[in-house]
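# Geometric and topological summary
Next come the chains, spelled out residue by residue.
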Amino acid sequence: MAIPFERDFAAPYDTVVSVAPRIRRLLARNPSPFTFKGTGVTIVGHGNVAVIDPGPDDPHHLEALRSALRNETVTHILVTHTHRDHSPASRALKDWTGAKIYGFGPHGSGKAEEGIVIEEGGDMEFCPDVVVRDGDMIQAHDFSFECVHTPGHTSNHVCYALKEEKALFSGDHVMGWSTTVVAPPDGDMAQYMQSLEKLLERDDAVYWPTHGGPIRDPKFFVKAYLEHRHEREAQILSCLRDGISTIPEMVLRIYAGLDPALRPAAALSVFAHLLRLTKEGRVAARGEPRLSARFQLNQP
Ligand SMILES: [Zn+2]
């Protein structure tokens with residue numbers, strides 16, 4: 001089953017676009033291989049609004065954000081996770097509006113409890129005013145959100161479900177244009193796949209990822225996403241059976257034809273799968289399980 005990606009998404013930069021009765025979006029001009037066309041900042045409501053994933057700390061974007069919100073009262077700032085294309089503008093937005101910032105916690109907070117040191121690359125300054133946990137409800141002016149903790153892409157990733165539209169703001173957990181980067185140590189493939197399974201138990205009608213367009217058949221999409229991960233694992237196990245034991249060799253075989261600039265990301269993804277397989281006891285690393293390690297199948 002191929003993932004039904006939708007890459008036709010086109011939206012103007014720096015312009016607020018109405019996409020559903022209560023949902024408007026502002027696309028930041030930060031396109032990249034990881035952000036697609038850029039960060040889609042979401043504005044929920046009219047008059048009294050919540051803003052989800054305010055975006056990067058970039059002067060041009062901050063100006064566009066300020067202008068987009070000039071006739072609104074911002075009451076809530078919701079952050080799905082602490083990557084630099086999502087959370088940093090929350091500070092400026094809070095300064096202008098006095099609204100509180102909601103999020104799971106600082107970068108790596110979902111892993112800090114396990115005593116794992118988190119790498120650079122996240123928004124290390126992020127600190128929410130209101131810490132949210134799975135199942136928490138956030139009551140805004142005339143709409144409400146349910147918080148759905150979805151660790152995996154990062155350990156502090158949260159999706160927000162807008163009850164009034166059965167819409168799930170899925171952040172980077174599920175995206176319509178691409179699979180999600182799961183890069184250890186903060187990214188965790190075992191958690192990620194559990195967080196996908198978790199969405200299958202919900203009845204959201206539509207997902208709005210932070211990058212790209214909406215996903216209108218979410219359960220079908222998530223099933224395809226999961227199947228893709230299981231296929232990837234089967235490819236890794238087949239490499240190991242054939243005596244291919246290092247990650248760079250696996251990347252060359254599994255991702256033949258990939259842009260070499262994207263190979264480090266692919267290597268991290270393979271590593272994430274190997275860690276999950278190691279945790280399950282199906283695979284063992286020779287020595288410490290790290291990117292440069294050799295891996296082998298555990299004999300049943
Ligand atoms: Zn991210």
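Residues numbered from 1 in each chain as written. Predicted model: local features only at pLDDT ≥ 70, side-chain atom pairs only at ≥ 80, totals over all residues. Heavy atoms only, no water.

## Some points on the coordination of the zinc ion
Taken together, the protein ligands of the zinc ion are His81 (NE2), His83 (ND1), His153 (NE2) and Asp172 (OD), with distances of 2.2 to 2.3 Å. Of note is the zinc ion, whose 4 donor atoms meet at the metal with angles of 85 to 169° in an arrangement that counts as irregular. When the donors of the zinc ion are listed by position in the chain, the intervening gaps give H-x1-H-x69-H-x18-D. On the criterion of sequence distance, the pair formed by His83 in the loop between β5 (73-78) and α2 (89-97) and His153 in the loop between β9 (144-149) and β10 (158-162) is long-range, its members being 70 residues apart. For His153, a relative accessible area of 8% translates into the label buried. (Donors = N, O, S within 2.8 Å, 3.2 Å for Na, K, Ca; no water. Tetrahedral: all angles 85-135°; square planar, octahedral: opposite > 155°, others 65-115°. Helix = DSSP H or I, 4+ residues; strand = E, 2+ residues; numbered from the N terminus. Buried < 20%, exposed > 50% of the residue type's maximum accessible area, 1.4 Å probe, protein only.)

## Considering the sheet that holds strand β6 (residues 100-103)
Strand pairing in a sheet is mediated by backbone hydrogen bonds. Such pairs are either parallel or antiparallel. Judged by pairing direction, the sheet is mixed, and its 7 strands sit side by side in the order β1-β2-β3-β4-β5-β6-β7 without closing on themselves. Every interior strand has two partners, whereas the edge strands, β1 (16-20) and β7 (130-131), have only one. Judged from the 4 bridges that link them, β1 and strand β2 (residues 23-27) form a sheet pairing that is antiparallel. From the neighbouring strand, Val16 faces β2, where its bridge partner is Leu26. Contacts from helix α1 (residues 59-68) reach β1, β2 and β3 (40-44) within the one sheet, and its direction differs from that of β2 by about 155°. Across the face of the sheet, α2 comes into contact with β4 (48-52), β5 and β6 while running at roughly 150° to β5. (Pairing = 2+ DSSP bridges. Contact = heavy atoms within 4.5 Å. Axes fitted to C-alpha atoms, helices over the stretch in contact; angles between N-to-C directions.)

## A few points about the sheet that holds β10
Ordered in space as β8-β9-β10-β11-β12, the 5 strands form an open sheet in which the pairing is mixed. Of all the strands in the sheet, just β8 (137-139) and β12 (206-209) have a single pairing partner and so form its edges. In this sheet, adjacent strand axes meet at a mean angle of 25° when their direction is disregarded. Judged from the 3 bridges that link them, β8 and β9 form a sheet pairing that is antiparallel. Looking at the pairing, Ile138 lines up with Phe145 of β9.

## A short note on the pattern of salt bridges
Within the structure shown, the criterion is met by 17 salt bridges. A salt bridge links Glu146 to Arg202; the nearest nitrogen and oxygen atoms lie 3.4 Å apart. Remark: Arg202 occurs in the loop between α4 (189-200) and β12 and Glu146 occurs in strand β9; sequence separation between them is 56 residues. Across the pair, Arg202 and Glu146 agree in class, each one buried. Across the salt bridge formed by Arg276 and Glu280, the nearest N and O atoms sit 3.4 Å from each other. Of the residues examined, Glu280 reaches a relative accessible area of 40% and is grouped as partly exposed. Overlapping salt bridges bring together Glu146, Lys163, Arg202 and Asp204 as one network. (Salt bridge = Lys/Arg side-chain N within 4 Å of Asp/Glu carboxyl O.)

## Notes on the packing of helix α6 (residues 247-254) against helix α7 (residues 263-279)
Two numbers describe how α6 lies on α7: the axes approach to 9 Å, and their chain directions differ by 110°. Classified by the interaxial angle, the pair formed by α6 and α7 is roughly perpendicular. Contact with α6, carried on its side by Ile247, Met250, Val251 and Leu252, involves Arg263, Ala266, Ala267, Val270, Phe271 and Leu274 of α7 and no other residues of that element. For the contact of α6 with α7, a count of residues per class yields 9 nonpolar, no polar and 1 charged. (Parallel < 35°, antiparallel > 145°, perpendicular 65-115°, else oblique. Nonpolar A, V, L, I, M, F, W, Y, C, P; charged D, E, K, R; others polar.)

## Digging into α1
Looking only at α1, the buried set comprises His61, Leu62, Ala64, Leu65 and Ala68. Seen end-on, α1 carries its buried residues on one side only, within an arc spanning 160°. Counted as exposed and oriented over 90 degrees from the buried face of α1: Pro59 and Glu63. Looking at the buried positions of α1, the neighbouring elements they touch are β1, β2, β3 and α2. (Arc of directions from axis to C-beta.)

## Some details on the packing of aromatic side chains
Under the counting rule described, the total for this entry stands at 6 aromatic pairs. Aromatic side chains Phe9 and Phe36 sit 6.4 Å apart centroid to centroid with 35° between the ring planes, which places their arrangement in the tilted category. Remark: Phe36 occurs in the loop between β2 and β3 and Phe9 occurs in the segment before β1; sequence separation between them is 27 residues. An aromatic cluster of at least three residues, connected via ring pairs, comprises Phe5, Phe221 and Tyr225. Above the face of the Phe104 ring, Arg133 is positioned so that its terminal group lies 3.8 Å from the ring centre. Across the ring face of Tyr255, the terminal group of Arg232 is positioned such that the distance to the ring centre comes to 4.4 Å. (Phe/Tyr/Trp six-rings, centres within 6.5 Å; stacked < 30°, edge-to-face > 60°. Lys NZ or Arg CZ within 6 Å of the ring centre and 35° of its normal.)

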